[in-house]
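Reading the structure
Here is how the chains run, residue by residue.
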Amino acid sequence: MKSNNPKSRYHLNIRSNDYVLEVGGGHNPHSRSNVVVDKFLDSNYHRHDDIKVYKHQKLIQADGEKLPFKDNEFSYVMSNHVLEHTENPEAFLKEQMRVAKKGYIETPSIIGEYLFPKKSHRWLVLELDNKLVLMDKNKYWFKDGPDLGFLFLTWLQKTSLGYKMLMDTKPNFMTVRYEWNENIEFEINPTHEKYVQYFTGYWDEEMVKIFFPHKSNFHEFLNSIKSLSRIIKRSFYGKYVWKKQWI
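Owing to the predicted nature of the structure, the values given are computational and were not obtained by experimental measurement. (Residues numbered from 1 in each chain as written. Predicted model: local features only at pLDDT ≥ 70, side-chain atom pairs only at ≥ 80, totals over all residues. Heavy atoms only, no water.)

This part takes up the environment of L132. With respect to the helices and strands, the residue L132 is situated in strand 8 (residues 131–136). Judged by its relative accessible area of 0%, L132 falls in the buried class. Note: C-alpha distance between L132 and I184 (52 residues apart in sequence) is 7.9 Å. Excluding residues that lie within four positions of it along the chain, L132 makes contacts with L83, L93, I105, V125, L126, V176, Y178, I184, E185, F186 and E187. (Helix = DSSP H or I, 4+ residues; strand = E, 2+ residues; numbered from the N terminus. Buried < 20%, exposed > 50% of the residue type's maximum accessible area, 1.4 Å probe, protein only. Contact = heavy atoms within 4.5 Å.)

Take the sheet that holds strand 10 (residues 186–188) next. By way of backbone hydrogen bonds, the strands of a sheet pair with one another, either parallel or antiparallel. Pairing in this open sheet of 3 strands is mixed, and the strands run 7-8-10 from one edge to the other. Since the sheet does not close on itself, it has two edges, and those belong to strand 7 (123–128) and strand 10, each with one partner. Within this sheet the neighbouring strands show an average axis-to-axis angle of 20°, counted without direction. Across 6 bridges, strand 7 lies against strand 8 in antiparallel orientation. Across the sheet, the residue bridging to L124 is M135, located in strand 8. Against the sheet, helix 1 (residues 89–99) touches strand 7, strand 8 and strand 10, its axis set at about 165° to strand 10. Strands strand 7, strand 8 and strand 10 of the sheet are contacted by helix 5 (residues 193–200), whose axis makes an angle of about 130° with strand 7. (Pairing = 2+ DSSP bridges. Axes fitted to C-alpha atoms, helices over the stretch in contact; angles between N-to-C directions.)

To continue, consider the packing of aromatic side chains. For the structure shown, the criterion picks out 8 aromatic pairs. With a centroid separation of 5.6 Å and an interplanar angle of 80°, the aromatic rings of Y198 and F211 are classed as edge-to-face. Within this pair, whereas Y198 is found in helix 5, its partner F211 is found in helix 6 (residues 205–211), the two being separated by 13 residues in sequence. Take Y198: its relative accessible area is 5%, and that puts it in the buried class. (Phe/Tyr/Trp six-rings, centres within 6.5 Å; stacked < 30°, edge-to-face > 60°.)

Next up on the list: the packing of helix 3 (residues 149–159) against helix 4 (residues 161–169). Helix 4 packs onto helix 3 with a crossing angle of 115° between their chain directions and a minimal axis gap of 6 Å. Considering only the axes of helix 3 and helix 4, their crossing is left-handed. For the pair formed by helix 3 and helix 4, the contact residues are F152, L156, Q157, K158 and T159 on the first element and L161, Y163, K164 and M167 on the second. Class assignment for the residues of the contact of helix 3 with helix 4 results in 5 nonpolar, 2 polar and 2 charged. (Left-handed = near helix turned anticlockwise from the far one by under 90°. Nonpolar A, V, L, I, M, F, W, Y, C, P; charged D, E, K, R; others polar.)

What follows covers the side chain of H30. Along the polypeptide, H30 turns up in the loop between strand 2 (20–23) and strand 3 (35–38). Side-chain polar atoms of H30 contact the backbone nitrogen of R32, separated by 3.0 Å. (Polar contact = N/O pair within 3.5 Å; in protein donor to acceptor, adjacent residues only side chain to side chain.)

Summarising burial for strand 5 (residues 76–80): 5 of the 5 residues are buried, a large majority. Across the two faces of strand 5 the burial is the same, with Y76, M78 and N80 and V77 and S79 all buried. The sheet contact formed by strand 2 and strand 5 spans 3 bridges and is parallel. In the strand pairing of strand 5, V20 is matched with Y76. Bridge count between strand 5 and strand 6 (residues 102–108): 4 bridges; the pairing is parallel. If you follow S79 over to strand 6, its bridge partner there is I105. For the segment spanning strand 5, helix 1 and strand 6, crossover handedness is right-handed. (Right-handed = clockwise from strand over helix to strand, strands pointing away.)

What follows covers the nonpolar core. L21, F69, L132 and I184 are the most contacted members of the largest nonpolar core, which totals 26 residues. Of all the secondary structure elements, the ones that give two or more residues to this core are strand 2, strand 3, helix 1, strand 7, strand 8 and strand 9 (175–181). Ranked by the residues each element gives to this core, the list is headed by helix 1, at 4 residues. The residues touching I184, leaving out its near neighbours within four places in the chain, are M1, L93, Q96, M97, I105, L132 and Y178. Listed in part, the 11 residues of the second largest apolar core include L126, Y198, F199 and M207. (Core = buried A, V, L, I, M, F, W, Y, C linked by side-chain atoms within 4.5 Å.)

Nothing here speaks to function; it is all geometry.
Have a look at this one:
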């Protein structure tokens, strides 16, 4: 079941003595991972750069849908922007639950996928009713369009304070961040109209409120001040401060 929606993958409930597996570390593995699995070592089709591992990590070539590990071999398992690539997401999620009793999954949200779609992504993902809901991108009308990834993921992150504050105060705007314990609740290609509407129809006010609840102006003002403080700190100390605590 879902235990948390972390602010980022550097805010996870991992203990110092946990033995951590990362499935699909790619060019940007989490520094807390002890073992990193990747299916494609020589192809960058599913990632932005060559494979990377830290000195303390062990790299194993394997398929996330059929992991070469014993049941509960790890304390914690994570996958960062991998689930949306899988051929069989059910098998992938079941393997996550088999090798560890808790973990973390991050994917693009449906908003992120619309803004910067990737041909290598097979699935649209949302979290609804505390479970991961996946829809085949080709099942409906969704098609790959202009890729605005550089604009939203790089340029505005560098140049726009307002955009930085939006991403800081609404961390699940572009992504789904799902930390779980014991099991992962999920549904693939749902037929219930309640879920299908999010992938195919107009998002009305009630649907939007599920993801972005209305808050008072005073609450938003306080959040903005706290966000600005965090952004200023990061501009001085950099993201390496987050990574350092895990190594």
